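# Descriptive structure summary
Residue strings, one per chain:
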Amino acid sequence: MNEKEQESSESLKEEKFTRDLAVLEAALYVAGRPLDFKTLGRLIGTRSKTKVKRLAKTLMEKYKNRDTALEILEFEGERFVLQLKAEYTPKVRRLATRQLLSRGPLKTLSYVAYRQPVPQLQVIDVRGHHAYGHLRQLEDLDLIIRERAGRKKVIRTTEFFADYFGLSHDLRTMKRQLKSIFEDFARPELEEKTNLEK
Amino acid sequence: MNEKEQESSESLKEEKFTRDLAVLEAALYVAGRPLDFKTLGRLIGTRSKTKVKRLAKTLMEKYKNRDTALEILEFEGERFVLQLKAEYTPKVRRLATRQLLSRGPLKTLSYVAYRQPVPQLQVIDVRGHHAYGHLRQLEDLDLIIRERAGRKKVIRTTEFFADYFGLSHDLRTMKRQLKSIFEDFARPELEEKTNLEK
Amino acid sequence: MSSSMEKPFYFQPPWNILFELHRLQKIMPWDVNISFLLGSFLEEMEKRGEIDFRASGVALDSSTTIYLMKSKLLLKLEEPPPPPKLPPDFLPPPLFLPLRYELSSTTIHHLLNVLDEVLKGERLVPSEPRLEPFLPTPEVLPQVDLYLMEIEERMENLYNLLCQFASEAKLIVFSKVVAGLEKLEAVKKFIILLFLAQRGKVNLWQEEDFGGLYITITGGPSVE
């Protein structure tokens, strides 16, 4: 290969790389949920994990280096997600087209996630009677499921819930992850921010 | 003002500019639909059209200069939108799995669109009492507005509705469009195709 | 002094409440567990071998009074005290959903696909004017006390509800009327139902002693 050919092959490679980056970005934008290496790889026609990983990490870096409101995060299980940085949520949440939950249902969701699998009666006891409405809302959004266990109803979070928050599908791991999230929340400077979100 | 003070005031201004840019980006990202100057201005606490326009144009330029799958476009009526570049849509469309609405609210929306402007009571008569909930949801999503006309409430679809479904903002044209698509539908050979698409 | 001069055992707590009724003025009847008191009173009497019919009579009479007080409170629509609360469980902070744009897959085709069905519904709706409510609220309410007024209002509400049920099926089962309600709410509904029956607005009957309670609307004199 002469120098010129080599150059053009290099530039072709670079072009492909840029194009692949954009496809990954497009996929993350459209999906609005964490996507795994397999899904991302299929889109750019590769089965090489290393390649997808390199691309995803590059995209992540690019976002990090920009002064932007968006971020790309890596979740457990080799999954990536594009989302709004939390600090901008209070300002723009009412513009979201997706039905959002207010503070009450989110608290009920928190409790269910933390205590799951948890009897429905226990949730009502702790969260009060209005929680029946919350549970319906959470079920509509596919964040929880209610299962019959004899005469009782038992509630747990769905796989979609885990995916949405980038949590593990393994219950024990998920609970450990949640605990650390809740501990972060307990820090005062963050609490203030969360209160603003109401 | 001495040189140092001037410098720090400059840097403060720049900081505010960067922050405002990010807020606009956040809003456009989350909304996923064209936002007008008024809405954008409210978010950054200004009524100056010129200021919003300058910010929006800067953001537009920034996106243009990046090799990215997203773009910011200006629409007629001084509105801006953040969207996926059309060339990427075919590759990633199948990752979009979320329905905008479940079947009940969709039916109510469909009826409102076809019969608008339509008295609320008529919608409830035809769709039943649960449609009150649908209307609330549709209003939250900015797909319809309820206007008072004397003692009655009258419902029509919003500009966002028209943008979302790619219809005209002019009511008469929109209804003609809806009617013609709907009639196409009723023809059996097309029916088959639509079922396949589902 | 011999032991025979000692106060009888039932003047001690917890049974003394059945024999010193004036004390009930100061406490809530909800705090008195009648069945426990009567049960333990009988047990204690048997254990001691001191059968005293006069005391039993007084205890029974007092129990009836306490029971009546509870019923009156129920009629006054006063809530019994909530059961004692266990220490509250740990409540984690709310999990805020991260904001993510998500392209939705709904298209104009989905929208119009369901229109046909909706328009069919339109043809089923009669064009006659909407019916006025069965029982118009009187413009001027008679000067009665608040409690009675509330009962009147509740009667009217329940009656309207029953009419609604009746438009779906001729026979109304009481359990359906109170489905999903709290026990106390169900009791209140039942009491109001008795008022309606007494006014001749509805008929109540059961097929068996403990069978379902059936209601029919007789359309008797208006609820006023």
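### Side note on unusual backbone geometry
In this structure, Pro117 of chain A follows Gln116 of chain A across a cis peptide bond, with omega equal to -10°. Positive phi values are uncommon outside glycine, yet Asp142 of chain A reaches one of about 65°.

### Concerning the pattern of salt bridges
Residues and elements named next belong to chain B. Considering all chains together, one arrives at 24 salt bridges over all chains under this definition. A salt bridge links Glu147 to Arg156, with the shortest nitrogen-to-oxygen separation between them at 3.0 Å. On the accessibility criterion, Glu147 (31% relative accessible area) is partly exposed. On the basis of relative accessible area, Arg156 is assigned to the partly exposed category, the value being 26%.

### Things to note about the interface of chain B and chain A
Contacts between the two partners involve 36 residues from chain B, matched on the other side by 34 residues from chain A. Together, the buried faces of chain B and chain A total about 3300 Å²; carbon and sulfur atoms form 63% of this surface. When the buried area of chain B at its contact with chain A is split by residue, Tyr29, Val30 and Leu95 of chain B rank highest and sum to 19% of it. The tally of links from chain B across to chain A stands at one salt bridge. We note a salt bridge from Arg19 of chain A to Glu87 of chain B, for which the minimum N-O separation is 3.9 Å. The interface formed by chain B and chain A holds eight residue pairs in polar contact (both at pLDDT 80 or more) in total. The set of elements that each furnish at least two residues to the side of chain B that touches chain A consists of helix H1 (3-31), helix H2 (37-43), strand E3 (79-84) and helix H4 (89-92) of chain B.

### Topic: empty space enclosed by the protein
By rolling a water-sized probe across the atoms, one finds the places where empty space is left. Residues and elements named next belong to chain A. Here the structure, examined in full by the defined rule, presents three cavities of 30 Å³ or more. For the second largest cavity, the calculated volume is near 50 Å³. Every element with two or more residues in the lining of the second largest cavity is listed here: helix H1 (3-31) and helix H3 (49-65). Looking at the lining of the second largest cavity, the element that brings in the most residues is H1, giving four residues. Residue composition of the lining of the second largest cavity, by class: three nonpolar, two polar and four charged.

### Examining the pairing of strand E3 (residues 213-217) of chain C
Residues and elements named next belong to chain C. The pairing of strand E1 (residues 172-173) with E3 spans two bridges and is antiparallel. Bridging from a neighbouring strand, Val173 pairs with Tyr214 of E3. As paired elements, strand E2 (residues 202-206) and E3 share five bridges and run antiparallel to each other. Opposite Asn203, over in E3, you have Thr216 as the bridge partner.

### Remarks on the confidence of the model for chain C
All names here are of chain C. With 79% of its residues at a pLDDT of 70 or more, chain C shows a mean pLDDT of 76. For chain C, per-element mean pLDDT is lowest for helix H5 (residues 146-168), which scores 78, and highest for helix H1 (residues 34-48), which scores 89. Here residues 128-145 is a poorly scored stretch, pLDDT under 50, and it has 13 contacts once near neighbours within four places are set aside; other chains count.

### A short note on the sheet that holds strand E5 (residues 144-149) of chain B
All names here are of chain B. Reading across the sheet, the three strands line up as E4-E6-E5 and stay open at both edges, with antiparallel pairing between neighbours. This sheet does not close on itself; its edge strands, each paired only once, are strand E4 (118-119) and E5. Where E5 lies against strand E6 (residues 152-157), six bridges are found, and the strand directions are antiparallel. Note that in E6 the partner of Arg148 across the bridge is Lys153. Contacting E5 and E6, helix H7 (residues 131-140) runs over the sheet at an angle of about 110° to E5.

Cut-offs used in this document
Each chain carries its own residue numbering, running from 1 in the written order of its sequence. For this description, chains carry letters from A and ligands carry numbers from 1, given in the order in which they are written. For this predicted model, a pLDDT threshold of at least 70 governs which residues receive local features, and a threshold of 80 or more governs which side-chain atom pairs are given and counted, while totals over whole chains, interfaces and linings are taken from all residues. Computation of side-chain values covers all heavy atoms of the structure but excludes hydrogens and water. In what follows, salt bridge is the name for a side-chain nitrogen of Lys or Arg lying within 4 Å of a carboxyl oxygen of Asp or Glu. Burial classes follow relative accessibility: with a 1.4 Å probe on protein chains only, a residue under 20% of its type's maximum area counts as buried, one over 50% as exposed, and anything between as partly exposed. In what follows, a contact means two residues having at least one pair of non-hydrogen atoms within 4.5 Å. Throughout, buried area stands for the accessible area (probe radius 1.4 Å) lost by two parts on being put together, summed over both. Each polar contact in these results corresponds to two N or O atoms within 3.5 Å; when the atoms are within protein, one needs to be able to donate a hydrogen and the other to accept it, and residues that are neighboring in sequence are counted only if both atoms are side-chain atoms. By definition, any uninterrupted DSSP run of H or I lasting at least four residues is a helix, any uninterrupted run of E lasting at least two residues is a strand, and each is numbered from the N terminus. Note on definitions: the grid is 1 Å and covers protein atoms alone; a cavity is a set of points where a 1.4 Å probe fits but cannot get out; a pocket is an open set with protein on both sides within 12 Å along at least five of seven lines; lining residues have an atom within 4 Å of a point. Grid points are joined across faces, edges and corners, and a volume is the space filled by probe spheres set on the points. Just so you know the grouping, Ala, Val, Leu, Ile, Met, Phe, Trp, Tyr, Cys and Pro go in nonpolar, Asp, Glu, Lys and Arg go in charged, and all remaining residues, Gly too, go in polar. Paired strands, in this sense, are two strands between which DSSP finds at least two bridges. You can read pLDDT as the predictor saying how much it trusts each residue, on a scale of 0 to 100. Angles run from 0 to 180 degrees between N-to-C directions of axes, and those axes are lines fitted to C-alpha atoms, restricted for helices to the stretch in contact.

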